[in-house]
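Descriptive analysis of the structure
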Amino acid sequence: MKQDNKHKNYEILNLIGYGLSKFDNAFINEFGLTTKSSFYEYCVSLELADTGSTIKNRMDLFDPFFPNERKGWWQKGNTYIHRKHFIDNL
């Protein structure tokens, strides 16, 4: 039997990471917030993640695929490109 090790909020975390990476502060402003740390805290308060680091890590995962100032997980190459393609096609 295959064990599913995905986070319970896998899909929404991918969407959040994608939005943060692609739209940066414009994304968090849509939630009425002005800083990433306040956005991370907001996500934790909604129980989307246990820590703000979980949210930041999801953003880091998508950073290499968008033109932004952050490098994110560039060393992973295209390991996670399937997630970006999935969201691009929604």
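Preceding this section is the structure that the text describes.
For clarity, every value in this text was computed on a predicted model and none was experimentally measured.

Residue pairs three or four apart in sequence face the same way in an α-helix, which turns once every 3.6 residues. Taken together, the buried positions of helix α5 (residues 81–88) are Arg83, Lys84 and Ile87. Taken down its axis, α5 places every buried residue within 100 degrees of arc, on the same side. Against the buried residues of α5 lie α1 (10–23) and α4 (52–62).

Judged by nonpolar contacts, the single largest core of 13 residues is most densely connected at Ile16, Leu20, Phe27, Phe39, Tyr40, Cys43 and Ile55. Among the secondary structure elements, those contributing two or more residues to this core are α1, α2 (25–29), α3 (36–45) and α4. Ignoring sequence-local partners within four residues, the contact set of Ile16 consists of Phe27, Phe39, Cys43, Leu48 and Ile55. In terms of nonpolar packing, the next biggest core, distinct from the first, is built from seven residues, Tyr18, Leu61, Phe62 and Phe65 among them.

All chains considered together, the criterion is met by five salt bridges. Residue Asp24 is joined to Lys36 by a salt bridge in which the shortest nitrogen-to-oxygen separation is 2.6 Å. Here the residue Asp24 occupies a position in the loop between α1 and α2, and Lys36 occupies one in helix α3, the gap between them amounting to 12 residues. Taking the relative accessible area as the measure of exposure, Lys36 reaches 18% and is therefore buried. In this structure, the salt-bridge partner of Asp24 is Arg70, at a minimum N-O distance of 2.8 Å. Remark: Arg70 occurs in the loop between α4 and α5 and Asp24 occurs in the loop between α1 and α2; sequence separation between them is 46 residues. The exposure class of Arg70 is partly exposed, given its relative accessible area of 23%. Among the charged side chains, a salt-bridge network with shared partners connects Asp24, Lys36, Asp63 and Arg70.

Scoring rules and cut-offs
- Residues numbered from 1 in each chain as written.
- Predicted model: local features only at pLDDT ≥ 70, side-chain atom pairs only at ≥ 80, totals over all residues.
- Heavy atoms only, no water.
- Buried < 20%, exposed > 50% of the residue type's maximum accessible area, 1.4 Å probe, protein only.
- Helix = DSSP H or I, 4+ residues; strand = E, 2+ residues; numbered from the N terminus.
- Arc of directions from axis to C-beta.
- Contact = heavy atoms within 4.5 Å.
- Core = buried A, V, L, I, M, F, W, Y, C linked by side-chain atoms within 4.5 Å.
- Salt bridge = Lys/Arg side-chain N within 4 Å of Asp/Glu carboxyl O.

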